[in-house]
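Structural overview
Spelled out, the chains give:
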Amino acid sequence: MSGSRLDPWVDSYASRAHAMRASEIRALFAVASRPEVVSLAGGMPFVQALPIDMLLETAQRVLRERGAQALQYGSGQGDVTLREQILQVIGEVGVTAHPDDIIVTTGSQMALDLVTRVFCDPGDVVLVESPSYVGALGVFRAYECDVVHVAMDDEGLVPSALDEAIVAVRAAGKRAKLIYTIPNFHNPAGITQGQARRAELLAIAQREGIAILEDDPYGLLGFEGEPPRAIRANDPDGVIYLGSFSKTIASGLRVGWAVAPHGVREKLVLANEAAVLCPSNYAQLTISEYLATQPWREQIKTFQEVYRERRDALLESLQALMPEGTTWTIPAGGFYSWLTLPHGLDATAMLPRAVASLVAYVPGTGFYVDGQGRQNLRLSYCYPEPDRIREGVRRLAGVIESELELAETFGTTHSRGAFTGSSVPAPDLR
Ligand code: PMP
């Protein structure tokens, strides 16, 4: 056996394992999770807004009344009653389907994995937004896909940029297999695709014969009006739609789903069986019982109110405190705003100094595969109380002010203070 002293197995790994890389900011996140730090980094849902006693009661009832089923293996496609109930949930964004079109997964993260497993050989191209969800980028990388970022504007993916990317992929002799998009309350960009834009993107995907992978964990968490209509609502054959109970009920239960065209769904079920045999019956039945007996739409309204108040706290304090030249997106739902630093500042280099000032964020580079995003950072407002958010923004504004002063004295801050480390728990980049 050769390899290195730290890991004697390294020469035995598959090439895909070499493509799995720890974030350079991992070590810092161990520090960032200390209670005195205001973390605007993690995307943890505020599960404390749930009536925990009622969930306890629900989980107990499942065990009491259907324990033999809940504790047993189940179907690789997921519980049929839950799949029927999921139809009501996706109906809110205009998606109609048959229970057979749905596969229940271990969070929508697992659905991302299964879809990539079914569609992508090493070297196949996945077209993604600029920036894109870090957890999806990790999946695409693990399957050795070539990820190509496509520009966004404040309406989402830019159609002409998508056209150009497809032409360039083809010219390079490669094949684009998926267009991965988060149309609602984007993670991390905080942007929502307009309906006309969705139609344009769908038309391109249809013309080019590329499947759209529509990832929609936040669609019901809008702050104004009706939930936006899903892309899948306009093309059941060309779009694989992913949803999740992580943000509307509880992320700890790990229940999500994919709605897919018939043939794709069959492959996804086989892939799910190969990966996990079946999703957890206990978790599925608990969700199913909750949906059947509790006012889940009311609970979603409660979540919307909690997150709207926090979004407002964030935006008001950014407006009041941020130095000139700093800009940010205004999310109409979801958990995130995407901030652009004044010219010359570097969010990755700034992070150790931000944490020293007791505020944390995720630097923009984590949301790209190609080193873009140095001037950006993601702010999450989902978890801290509004007063903590205001305090966090106050600290962050102070850090940016002093970076600006340093930059004025010494030029750009790019080269200072990079932080590396890998032997600490995974960062909370959700
Ligand atoms: N997609 C996006 C865009 C997300 O933000 C997340 C979680 N942060 C997921 C998928 C995965 O969520 P889960 O597996 O909990 O359903």
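This text follows the structure it describes.
Throughout, a residue's number is its position along its own chain's written sequence, starting from 1. Only residues with pLDDT of at least 70 are given local features in this predicted model, and only at 80 or more are side-chain atom pairs given and counted; all residues enter the totals for whole chains, interfaces and linings. As a rule here, side-chain values cover all heavy atoms of the structure and leave hydrogens and water aside.

**What to know about the nonpolar core**
- Among buried residues, those of type Ala, Val, Leu, Ile, Met, Phe, Trp, Tyr and Cys that are joined through side-chain atoms within 4.5 Å constitute a nonpolar core. Exposed residues in this analysis have more than 50% of their type's maximum accessible area, buried residues have under 20%, and partly exposed residues fall in between, with area computed by a 1.4 Å probe over protein chains only. One finds Tyr180 and Phe245 to be the most contacted residues of the largest nonpolar core, which totals 108 residues.
- The leading source of residues in this core is helix H12 (residues 296-321), at 9 residues.
- Here this core spans two domains, since at least three of its residues come from each of domain 1 (4-50 + 298-429) and domain 2 (52-293).
- Beyond its immediate stretch of four places on either side in the chain, Tyr180 contacts Leu112, Val126, Leu127, Val128, Glu129, Ser132, Tyr133, Ala136, Phe140, Leu213 and Asp215.
- Core analysis: the second largest hydrophobic core is formed by 20 residues, Ala176, Ile210, Ile212 and Ile231 among them. Elements are defined by DSSP. Helices are runs of H or I of four residues or more, strands are runs of E of two residues or more, and each kind is numbered from the N terminus. Domains are outlined according to an automatic or database domain assignment. Contact criterion: two residues are considered in contact whenever any of their non-hydrogen atoms come within 4.5 Å of each other.

**Concerning the packing of aromatic side chains**
- Aromatic contacts are taken between Phe, Tyr and Trp rings whose centres are within 6.5 Å, Trp giving its six-membered ring; a plane angle under 30 degrees counts as stacked, one over 60 as edge-to-face, and the others as tilted. Applying the stated criterion across every chain, the model contains 10 aromatic pairs.
- Between Trp338 and Tyr368, the ring centres sit 6.5 Å apart and the planes meet at 50°, which makes this aromatic pair tilted. Separated by 30 residues along the polypeptide, Trp338 in strand S12 (residues 336-340) and Tyr368 in the loop between strand S14 (362-363) and strand S15 (376-380) bring together distant segments of the chain. For the pair Trp338 and Tyr368, one class covers both residues: buried.
- Taking the ring centre of Phe46 as reference, the NZ or CZ of Arg310 above it sits at 4.0 Å. In this scheme, Lys NZ or Arg CZ marks a charge over a ring once it lies within 6 Å of the ring centre and within 35 degrees of the ring normal.

**Observations regarding the site of the ligand**
- Around the ligand lies a shell of 14 residues, among which Ser108, Asp215, Tyr218, Ser244 and Ser246 are the nearest.
- Counting of polar contacts relies on pairs of N or O atoms within 3.5 Å, with two restrictions inside protein: one atom must be capable of donating a hydrogen and the other of accepting it, and residues adjacent in sequence are counted only when both atoms are side-chain atoms. Within the side chain of Asn187, a nitrogen or oxygen atom sits 2.8 Å from an oxygen atom of the ligand.
- Ser244 has a polar side-chain atom sitting 2.6 Å from an oxygen atom of the ligand.
- Burial of the ligand by the protein chains amounts to 96% of its free accessible area of 400 Å².
- Broken down by secondary-structure element, the contributors of at least two residues to the shell around the ligand are helix H5 (107-119) and helix H9 (246-250). Any residue with a heavy atom positioned within 4 Å of a molecule or strand is treated as near that molecule or strand. The Shrake-Rupley method, run with a 1.4 Å probe sphere, supplies the accessible areas, and residue values consider only the shown protein chains as cover.

**A few points about the side chain of Asn281**
- Its location among the elements puts Asn281 in helix H11 (residues 281-293).
- Polar contacts involving the side chain of Asn281 include one to the main-chain carbonyl oxygen of Gln72, which spans 3.2 Å.
- A distance of 3.5 Å separates a polar atom in the side chain of Asn281 from the backbone oxygen of Tyr73.

**Points about helix H7 (residues 159-171)**
- To estimate how far a helix should reach, multiply one less than its number of residues by 1.5 Å. Between its first and last C-alpha, H7 extends 18 Å over 13 residues, near the 18 Å set by a 1.5 Å rise per residue.
- Along H7, the positions that sit buried rather than exposed are Pro159, Ala161, Leu162, Ala165, Ile166 and Val169. In a view along the axis of H7, the buried residues occupy a sector of 155°, so they form one face of it. When the buried face of H7 is taken as reference, the exposed residues oriented beyond 90 degrees from it are Glu164, Val167 and Ala171.
- Each element contacted by the buried residues of H7 is listed here: strand S3 (125-129), strand S4 (146-150), strand S6 (156-157), strand S7 (176-181) and helix H8 (195-208). When we speak of the arc, we mean the arc of directions from the helix axis to the C-beta atoms.

**Let's talk about the environment of Ala283**
- Its location among the elements puts Ala283 in helix H11.
- Looking at Ala283, the relative accessible area reads 8%, which means it is buried.
- Residues Ala283 and Leu71, spaced 212 residues apart in sequence, show a C-alpha to C-alpha distance of 9.8 Å.
- Other than its neighbours up to four places away in sequence, Ala283 contacts Leu253 and Val255.

**Thoughts on the pattern of salt bridges**
- By salt bridge we mean one thing: a side-chain nitrogen of Lys or Arg within 4 Å of a carboxyl oxygen of Asp or Glu. For the structure on display, the rule yields 21 salt bridges.
- Residue Lys177 is joined to Asp124 by a salt bridge in which the shortest nitrogen-to-oxygen separation is 2.5 Å. Of this pair, Lys177 sits in strand S7 while Asp124 sits in the loop between H5 and S3; the two residues are 53 residues apart in sequence, bridging distant segments of the chain. Taken individually, Lys177 and Asp124 each receive the classification buried, so the pair is uniform in this respect.
- Through salt bridges with shared partners, a single network forms among Glu57, Arg61, Arg66 and Glu289.

**With respect to the sheet that holds S12**
- Between any two strands, pairing holds if DSSP finds at least two bridges. What the 4 strands build is an open sheet, ordered S11-S12-S15-S14; its pairing is antiparallel. Edge positions in the sheet fall to strand S11 (327-328) and S14, since each has one partner strand and no second.
- With 2 bridges joining them, S14 and S15 adopt antiparallel strand pairing. The residue bridging Pro363 from the neighbouring strand is Leu377, located in S15.

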